[in-house]
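Report on the structure
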Amino acid sequence: MDLKVICALSVILVVALSTLAEGKTLPTRCQCKLVPRERRNCGYPGISAVECRKAGCCFNASVPGVPWCFAPKPKRVRKVCPNDSYARINCGFPGITAKDCERKGCCFRAHPAGVPWCFYHRVVEEAC
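First, a word on scope: everything that follows refers to the structure included in this document. Computed from a prediction, not measured in an experiment: that's the story for all the values here. (Residues numbered from 1 in each chain as written. Predicted model: local features only at pLDDT ≥ 70, side-chain atom pairs only at ≥ 80, totals over all residues. Heavy atoms only, no water.)

With that settled, consider the environment of Pro-27. As for its placement among the helices and strands, Pro-27 is situated in the loop between α1 (3-22) and α2 (49-54). Along the primary structure Pro-27 and Cys-57 are separated by 30 residues, whereas in three dimensions their C-alpha atoms are 6.6 Å apart. (Helix = DSSP H or I, 4+ residues; strand = E, 2+ residues; numbered from the N terminus.)

Here's what the structure looks like:
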């Protein structure tokens, strides 16, 4: 490769990585509900609440002697079969059996007509 191509690829890589670093999702209130002794440090001394949250971490300065910027708990999620028949995303093919659909790990409901009967689960976050 010539130098121009290497430089162009380097710039693209740097831009992509910086976008990923800034694109952290904010933790939910449930993820930040931790007993203070279970907190794992996620920042540095003197980090602001804004910088902590920007890093995808939780911030709570109300308890002295424990990390104020700390790692969130993992999200608790579960799979559900959508009730709204028009929210279904096809997971099978016309004529698929319930057994074959469920073997693929999908939901099956043979009604109503005109919508997929074999369809993907939705993932929803569980309440705290």
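Inspection of the secondary structure assignment puts Arg-39 in the loop between α1 and α2. Of the polar contacts made by the side chain of Arg-39, one reaches the backbone oxygen of Asn-60; its length is 3.2 Å. A polar atom in the side chain of Arg-39 sits 3.0 Å from the backbone oxygen of Pro-67. Among all residues touching Arg-39, those that are not within four sequence positions of it are Asn-60, Val-63, Val-66, Pro-67, Trp-68 and Phe-70. (Polar contact = N/O pair within 3.5 Å; in protein donor to acceptor, adjacent residues only side chain to side chain. Contact = heavy atoms within 4.5 Å.)

Scanning the entire structure with this criterion turns up two salt bridges. A salt bridge links Lys-54 to Glu-51, with the nearest nitrogen and oxygen atoms 3.7 Å apart. One end of the pair, Lys-54, and the other, Glu-51, are both in helix α2, three residues apart, so they sit about a helical turn from each other. Of the charged contacts in the structure, one is a salt bridge between Asp-100 and Arg-103, with a shortest N-O distance of 3.0 Å. Here Asp-100 and its partner Arg-103 are both found in helix α3 (residues 98-103), three residues apart, which amounts to about one turn of the helix. (Salt bridge = Lys/Arg side-chain N within 4 Å of Asp/Glu carboxyl O.)

None of this, on its own, says anything about what the molecule does.
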